[in-house]
Every structure is written in C-alpha cells, then in structure tokens.
Amino acid sequence: MSPLSRAFRGRRRSDADPARIPPGQYVTDDFPVLSAGPTPHRPLETWSFTIQGSIDEPVSWTWEQLQALPSETITTDIHCVTKWSKLDTVWTGVSLDTLLDDVETSAEYVTAFSDGGYTTNLPLEDATGGKAWIAYAFDGEPLAPEHGGPARLLVPHLYFWKSAKWVRGLELRNEDEPGFWESYGYHNYGDPWREQRYAGD
Amino acid sequence: MDALDGNAIAGVLFEVFGAEMTTSAAVCANCGARAPAAELAVYLRAPGTVARCRTCMSVLMVLVTIHERTCVDLRGLDTLEIPASRGPSGWG
Ligand SMILES: [Zn+2]
C-alpha cells in the first residue's frame, strides 16, 4: 500500500459518526494496552469463574464448562477513561445473564475480581439484561493475556476500566463497595456518555 | 507489559514531597520489604500511575490526576522516609 493511501485510510476514522463518540473521547484504530501491574498468565487447567457472596452456595465454572455454555458474538464500541474510543470491536463470550440465570440473590451490586488482585464494582442491574459478558475471544482469536485473556469482563456501556481483565469471578453484594480505580478517585459508576470520569463528575 | 522503575516517577514525587525521593526507603505494608523508591515497579500506562513492591507486587503508591490535581495514595506503604530539609544552602 502506498504511503498516500495509508494516510488517507488513517484519516477516515476521524470521520466516524460523531453521535458514536462520547464527550471528550477520540477514536483510535489501535488497541492500547493499559496495565497497572504485571500481566498474569493463568493456565486454562487452573482457571475457574466463581459467583460468590450474597448467594447460598458459591457457583463455579471451569474453563471447559464455560466453553460449553452458549456463546454470543458482540460488536460494540469501547470507551477508555484515558480518552480513546475504539469502534466496532468484535468479542465472543458468555452473557452474564447465562451465568446468573439460576442464581438467587438479594444483592444489588457486584464486584468483579481478577487474577492479580484487580477489582471493579457495578450495580447488578448493569451486569444483567444483555449488557455484560465474560469475553474470551477478540476478533475471532483467543483473547491475548495483555488484553485480559484468557477471559475478561466486557461491560461496554461503562468506561473500560469496568471491563475487568483476567476476571475470575463476581462477588454479589448487598452494599456497594468501590473497586480498585473507584477507590482512588475514579467515578463509582463511569458512564462515558455523562463523562463520569472522576468522583463528583 | 514490563514495569518501569521508580525513576519514572522521580519528577512527580519531587513535586509532591518537595525532595529528591528516589533514594528514599519505602517499606511495604504487606511484606515488610524495604527498598529505595527508585527500585519500585512502576506502571504508567493506566488510568493512574501505580508503584508496586518488587518483592510481593503489592500496590504501594497510586497517583491519579483528577482535574489537574494529582492525588497521591500511600496506603500500601508502611513507611516512606522523606529526606529532612537541609535548610538554606551553605548550612548543610
Ligand atoms: Zn511487599
């Protein structure tokens, strides 16, 4: 490809429909890797996903069991609080509705927890209703460790720090508790369309 | 992604503490390891800057810039030795 046509291609993205770009965001074609710690490398044989907390008995899925559940392929825009947005990203994974289907709980909040100690909190309402997934593939390929593989939470209607990388489970809570970035001053809810970057925004 | 070392946050620590901090000893509240700030594992490519203990990888310091104000969280530290001021030059 000639340098000219590359430059032209690169420019096209800024013509993305402005209605799809939340306030203060810019569109990127890259997939920046953000990381606040070392990248865990979890062997699939020892991976599991657990729902615990306000529930009679915790429930767990092995990697194999997760793969056996009905999967969905989602095309969605993602918005990082560091101001990049990436349009039409394609993920494959299991809807949290599927995992929470048989769970009886009085909880109204969940904390996602991950290998490496990361946590993030969200209302249970935002984790259900076809709005959140455990994603294990990106663009049809297994999710790379630097992007949160083997599996990450995908909650694209909130800033992307809520889409916890290396996710291992959900803690169901009756009371909300701030996760990692939320406890350091980031917004508790994180709606990109209301530009809820920091506490008080 | 590989971590940087504490020299990557030397500038911001100087601004916050008003002293050259890279030789200051930081003691991890989790494992008790003691190391100069220059030897911490630092991650810059995140919503904030995170400095971790090289021994146990616990979070020691988090710096988040919120609307032009940098907030420094030190809850992971047991102690951080800040060099005493030497007073006006010529007195030290
Ligand atoms: Zn330590």
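See the structure above.
This write-up is about the structure you can find in this document.

Cut-offs used in this document
Residues numbered from 1 in each chain as written. Chains lettered and ligands numbered in written order. Predicted model: local features only at pLDDT ≥ 70, side-chain atom pairs only at ≥ 80, totals over all residues. Heavy atoms only, no water. Helix = DSSP H or I, 4+ residues; strand = E, 2+ residues; numbered from the N terminus. Rg over C-alpha atoms; globule rule 2.2 N^0.38 Å. Buried < 20%, exposed > 50% of the residue type's maximum accessible area, 1.4 Å probe, protein only. Contact = heavy atoms within 4.5 Å. Areas by Shrake-Rupley, 256 points an atom, 1.4 Å probe, with all protein chains shown as cover. Lys, Arg positive; Asp, Glu negative; His and termini not counted. Charge placed at Lys NZ, Arg CZ, Asp CG, Glu CD. Donors = N, O, S within 2.8 Å, 3.2 Å for Na, K, Ca; no water. Tetrahedral: all angles 85-135°; square planar, octahedral: opposite > 155°, others 65-115°. Buried area = accessible area lost by both parts, 1.4 Å probe. Salt bridge = Lys/Arg side-chain N within 4 Å of Asp/Glu carboxyl O. Polar contact = N/O pair within 3.5 Å; in protein donor to acceptor, adjacent residues only side chain to side chain. 1 Å grid on protein atoms, 1.4 Å probe; cavity = no way out; pocket = protein on both sides within 12 Å on 5 of 7 lines; lining within 4 Å. Points joined across faces, edges and corners; volume = space filled by probe spheres on them. Nonpolar A, V, L, I, M, F, W, Y, C, P; charged D, E, K, R; others polar. Pairing = 2+ DSSP bridges. Axes fitted to C-alpha atoms, helices over the stretch in contact; angles between N-to-C directions.

Along its length, chain B carries one helix and seven strands. N-terminal to C-terminal, the α/β element order of chain B is α-β-β-β-β-β-β-β. Against the 2.2 N^0.38 benchmark of 12 Å for 92 residues, chain B shows a C-alpha radius of gyration of 13 Å, consistent with a compact globule. Seen through its C-alpha atoms, chain B measures out along the principal axes to roughly 45 × 35 × 20 Å. Residues counted as buried form 41% of the 92 residues belonging to chain B. Within chain B, residue pairs in contact and separated by at least 24 positions form 47% of the contacts whose partners lie at least 6 positions apart. Of the accessible surface of chain B, which amounts to about 5,200 Å², a share of 50% is contributed by carbon and sulfur atoms. Across chain B, the mean location of the 7 positive side-chain charges is 3 Å away from that of the 9 negative side-chain charges.

Within chain A, the secondary structure is distributed over five helices and 11 strands. In terms of overall dimensions, chain A has a C-alpha envelope of 60 × 40 × 30 Å along the principal axes. The buried share of chain A, taken over its 201 residues, is 52%. Sequence-distant contacts in chain A: of pairs separated by 6 or more residues, those separated by 24 or more amount to 66%. One way to put it: in chain A the 17 positive side-chain charges average out to a point 12 Å from where the 30 negative ones average out.

Put simply, a metal with four donors set out as a tetrahedron has ideal angles of 109.5 degrees, and one with six donors set out as an octahedron has ideal angles of 90 or 180 degrees. Residue and element names in this part refer to chain B. Coordination sphere of the zinc ion, protein contribution only: Cys-28 (SG), Cys-31 (SG), Cys-53 (SG) and Cys-56 (SG), at 2.3 to 2.4 Å. Geometry at the zinc ion is tetrahedral, judged from the four donor atoms that bind it and their angles of 104 to 112 degrees at the metal. Taken in sequence order, the residues that donate to the zinc ion follow the motif C-x2-C-x21-C-x2-C. With a relative accessible area of 35%, Cys-31 lands in the partly exposed category.

To continue, consider the interface of chain B and chain A. You'll often see interface size given as the accessible area lost when the parts meet. With 17 residues of chain B at the contact, the number on the chain A side is 18 residues. Note on chain B versus chain A: buried area summed over both sides is about 1,600 Å², and carbon and sulfur give 62% of it. The tally of links between chain B and chain A comes to zero salt bridges. Applying the counting criterion to the chain B and chain A interface returns six residue pairs in polar contact (both at pLDDT 80 or more).

Right, let's talk about the layout of surface pockets for a bit. Considered as a void within the structure, the largest pocket measures approximately 480 Å³ in volume. For the largest pocket, the lining is made up of 29 residues, of which A:Leu34, A:Ser35, A:Ala36, A:Tyr118 and A:Lys165 are closest to its centre. Considered as a void within the structure, the second largest pocket measures approximately 250 Å³ in volume. Lining the second largest pocket are 16 residues, with A:Tyr186, A:Tyr198, B:Ala46, B:Pro47 and B:Thr65 sitting closest to its centre. A total of three residues in the lining of the second largest pocket trace back to one element, the largest contributor, which is strand β5 (residues 59-66) of chain B. Residues belonging to the lining of the second largest pocket are distributed by class as follows: nine nonpolar, five polar and two charged.

Residue and element names in this part refer to chain B. Pairing is antiparallel across the open sheet formed by four strands, whose spatial order is β3-β4-β5-β6. Edge positions in the sheet fall to β3 (41-43) and β6 (69-73), since each of these pairs with one other strand and no more. Taking each pair of neighbouring strands and ignoring which way they run, the sheet shows an average axis angle of 15 degrees. Relative to β6, β5 runs antiparallel, the two being bridged by five bridges. From the neighbouring strand, Leu-63 faces β6, where its bridge partner is Val-72.

Residue and element names in this part refer to chain A. As enumerated under the stated definition, the model contains 10 salt bridges over all chains in all. For Asp-191, the salt bridge goes to Arg-194, with nearest N and O atoms at 3.0 Å. For Arg-194, a relative accessible area of 54% puts it in the exposed group. When salt bridges that share partners are traced, they join Arg-20, Asp-77 and Asp-88 into one network.

This part covers the side chain of A:Asp126. Residue and element names in this part refer to chain A. Take Asp-126: it is sitting in helix α4 (residues 124-127). No salt bridge is formed by the buried Asp-126; the nearest opposite charge belongs to Lys-131, separated by 5.5 Å. Only 2.5 Å separates the side chain of Asp-126 from the side chain of Tyr-189, close enough to count as a polar contact. Excluding its chain neighbours within four sequence positions, the residues that come into contact with Asp-126 are Lys-131, Ala-132, Val-155, His-157 and Tyr-189.

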